[in-house]
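Understanding the architecture of this molecule
What follows is each chain in one-letter form.
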Amino acid sequence: MRRLPPATTDSVIAYSLNDYMVIAGSTPIASASSGWTAGSTSVTPPATIEALPKLPPYGEFKGWDVLFKPYTTDSSLL
Amino acid sequence: MKTTINRLLTTQFHKAALAAALLLLAGAELCRASSNVTVTAQNLANSQVMYTLEINPVASSGCGEQSVTAPSEISTVSKTGVAATYGFQFWDVNAQLHTNPTVKFQPACGAANSAVAVYWPLGGCAGCPLRRRTASSLTR
């Protein structure tokens with residue numbers, strides 16, 4: 001029986017520009033179309049994720065930066 | 001005025017690989033206040049500073065505009081000889097986001113300045129959280 005390869009997941013990180021560091025223990029995701037469990041920082045694509053507008057006490061959402069992709073200030077990310 | 005990081009270029013390989021990021025200083029008026037611009041390369045996966053590329057006194061540069069350039073990829077070599085590579089993601093310069101590898105900015109005189117080149121591990125490191133892609137929510 002043929003086995004499927006393991007699912008590939010995306011890491012989603014919250015980074016504080018003011019503090020120059022990753023915000024550990026927090027997910028920046030408010031919701032996702034699929035492949036995401038509330039509170040998790042991993043998403044199984046394809047999925048559209050929506051950013052939390054605020055992450056107290058660190059500040060407000062500014063944008064998404066995906067490795068090797070253009071920066072976007074849209075709160076939704078496919 | 002132009003400053004390169006000669007010290008780094010003459011040390012071990014793994015440090016030399018990181019030293020491709022340069023701090024170029026454009027001199028202007030003299031600034032009486034003493035302050036530094038600290039340029040570091042940081043691993044986004046764990047917020048650890050991989051290397052401090054330069055700690056440059058702003059006063060000696062005349063508080064002029066500064067330019068920093070990050071290489072698209074850097075590598076480190078562990079004590080066991082395993083090479084890990086990292087891809088440039090963005091600059092965090094004094095809490096301002098810059099997505100281009102080369103950034104020009106005006107440092108604040110009389111205050112600490114920080115220019116952090118943020119990288120994501122692409123492979124080779126033990127325990128790397130390798131993923132198909134990494135999305136970072138940037139907050140300030």
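Definitions and cut-offs
- Residues numbered from 1 in each chain as written.
- Chains lettered and ligands numbered in written order.
- Predicted model: local features only at pLDDT ≥ 70, side-chain atom pairs only at ≥ 80, totals over all residues.
- Helix = DSSP H or I, 4+ residues; strand = E, 2+ residues; numbered from the N terminus.
- Buried ≥ 20, exposed ≤ 12 C-beta atoms within 10 Å, placed from the backbone.
- Contact = placed C-beta atoms within 7 Å.
- pLDDT = per-residue confidence, 0-100.
- Nonpolar A, V, L, I, M, F, W, Y, C, P; charged D, E, K, R; others polar.
- Core = buried A, V, L, I, M, F, W, Y, C linked by C-beta atoms within 7 Å.

Observations concerning the overall build of chain A
- Counting secondary structure elements, chain A contains zero helices and eight strands.
- Along its sequence from the N terminus, chain A presents helices and strands in the succession β-β-β-β-β-β-β-β.
- Taken over 78 residues, chain A has a buried fraction of 26%.
- Nonlocal contacts in chain A, meaning residues at least 24 apart in sequence, comprise 38% of its contacts between residues at least 6 apart.

Details of the environment of lysine 104 of chain B
Residue and element names in this part refer to chain B.
- Here lysine 104 is to be found in strand β8 (residues 102-105).
- For lysine 104, a count of 14 C-beta atoms within 10 Å gives the class partly exposed.
- In this structure lysine 104 touches Glu65 and Ser67, once residues within four positions along its chain are discounted.

Here's the deal with the confidence of the model for chain B
Residues and elements named next belong to chain B.
- Taken as a whole, chain B shows an average pLDDT of 67; of its residues, 59% reach a score of 70 or greater.
- Averaged pLDDT values over the elements of chain B bottom out at 25 in helix α1 (residues 6-9) and peak at 91 in strand β7 (residues 96-98).
- Note on residues 1-34: pLDDT is under 50 here. Beyond four places in sequence and across chains, it has 81 contacts.
- The ipTM value of the predicted complex is 0.83, and its pTM value is 0.75.

Structural notes on the interface of chain B and chain A
- Facing the 23 residues of chain B at the interface are 32 residues of chain A.
- Where the side of chain B that touches chain A is concerned, the elements lending two or more residues are β6 (83-93), β9 (113-123) and β10 (134-139) of chain B.
- Residue contributions to the side of chain B that touches chain A peak at six residues, all from β10 of chain B.
- Residues that form the side of chain B that touches chain A fall into these classes: nine nonpolar, nine polar and five charged.

So, unusual backbone geometry
Residue and element names in this part refer to chain A.
- With an omega dihedral of 0 degrees, the bond running from proline 45 to proline 46 counts as a cis peptide bond.
- The residue proline 46 is located in the loop between β4 (42-43) and β5 (49-51) in this model.
- The step from proline 56 to proline 57 runs through a cis peptide bond, and the omega angle for that step is 0 degrees.
- At tyrosine 20, a residue that is not glycine, the phi angle is positive and equals roughly 55 degrees.
- Relative to the elements of secondary structure, tyrosine 20 occurs in the loop between β1 (10-16) and β2 (21-22).

Looking at the nonpolar core
- Formed by 35 residues in total, the largest nonpolar core has its most connected members in Leu44, Trp91, Ala115, Ala117 and Tyr119 of chain B.
- For this core, the secondary-structure elements that each account for two or more residues are β1, β5 and β7 (59-66) of chain A together with β2 (36-43), β3 (49-57), β6 and β9 of chain B.
- Broken down by element, this core gets its largest block of residues, six residues, from β9 of chain B.

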